[in-house]
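So the chains spell out like this:
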Amino acid sequence: MAWVVLIVSGVLETVWATALEASKNFSRLWPSLLFLGALALSMGGLSYAVNQIPLGTAYGVWVGIGAVGTAVYGMVALGDPATAARLLCLLLIIGGVVGLKLLH
């Protein structure tokens, strides 16, 4: 169960990061509220997961999911460049996350 919670928490990291950008420096109500809710749930899930998964593994997986998810969102929804080099770097992050899970 801890791994499921950790993965959902990593996805919520992407949600709060994108909501933070959409809040326009907390000047827009709904994106700001989404940011706060997703942040609280994401941190709560990470906190739960580290009780059963080593801290370094849990944090690395959480950050990796959030970083990749946010970067992909930026490329798909915000027009960030999707160069071969950027995609390769994202694949390396994914490989690291999978490695942490497999070596746990």
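Note: the structure precedes this text.
Residues numbered from 1 in each chain as written. Predicted model: local features only at pLDDT ≥ 70, side-chain atom pairs only at ≥ 80, totals over all residues. Heavy atoms only, no water.

A. Geometry of the packing of helix α1 (residues 2–22) against helix α3 (residues 55–77). Viewed as axis vectors pointing N to C, α1 and α3 meet at an angle of 40°, and their least axial separation amounts to 8 Å. By the angle class used here, α1 and α3 are oblique. By crossing handedness, the relation of α1 to α3 is classed as right-handed. Every residue of α3 that contacts α1 at Trp3, Leu6, Ile7, Ser9, Gly10, Val11, Glu13, Thr14, Trp16, Ala17 and Thr18 is listed here: Thr57, Ala58, Val61, Trp62, Val63, Ile65, Gly66, Gly69, Thr70 and Tyr73. Class assignment of the residues belonging to the contact of α1 with α3 gives a composition of twelve nonpolar, eight polar and one charged. (Axes fitted to C-alpha atoms, helices over the stretch in contact; angles between N-to-C directions. Helix = DSSP H or I, 4+ residues; strand = E, 2+ residues; numbered from the N terminus. Parallel < 35°, antiparallel > 145°, perpendicular 65-115°, else oblique. Left-handed = near helix turned anticlockwise from the far one by under 90°. Contact = heavy atoms within 4.5 Å. Nonpolar A, V, L, I, M, F, W, Y, C, P; charged D, E, K, R; others polar.)

B. Representation of the packing of aromatic side chains within the structure. Tallied over the entire structure, the rule returns three aromatic pairs. Relative to Trp62, the ring of Tyr59 has its centre 5.7 Å away and its plane inclined at 35°; by these criteria the two rings are tilted. Of the two residues, Tyr59 and Trp62 are both situated in helix α3; the distance of three residues between them amounts to about one turn of the helix. Among the aromatic side chains, those forming a connected cluster through ring pairs are Trp16, Phe26 and Phe35. Looking at Lys101, its charged tip hangs above the ring of Trp3, at a distance of 4.6 Å from the centre. (Phe/Tyr/Trp six-rings, centres within 6.5 Å; stacked < 30°, edge-to-face > 60°. Lys NZ or Arg CZ within 6 Å of the ring centre and 35° of its normal.)

C. Broad picture of the nonpolar core. By size, the foremost hydrophobic cluster in this structure holds 16 residues, and its most contacted members are Leu6, Ile53 and Val61. Of all the secondary structure elements, the ones that give two or more residues to this core are α1, α2 (29–49) and α3. A total of six residues in this core trace back to one element, the largest contributor, which is α1. With near-sequence residues (within four places) excluded, Ile53 lies in contact with Ala2, Trp3, Leu6, Ala58 and His104. (Core = buried A, V, L, I, M, F, W, Y, C linked by side-chain atoms within 4.5 Å. Buried < 20%, exposed > 50% of the residue type's maximum accessible area, 1.4 Å probe, protein only.)

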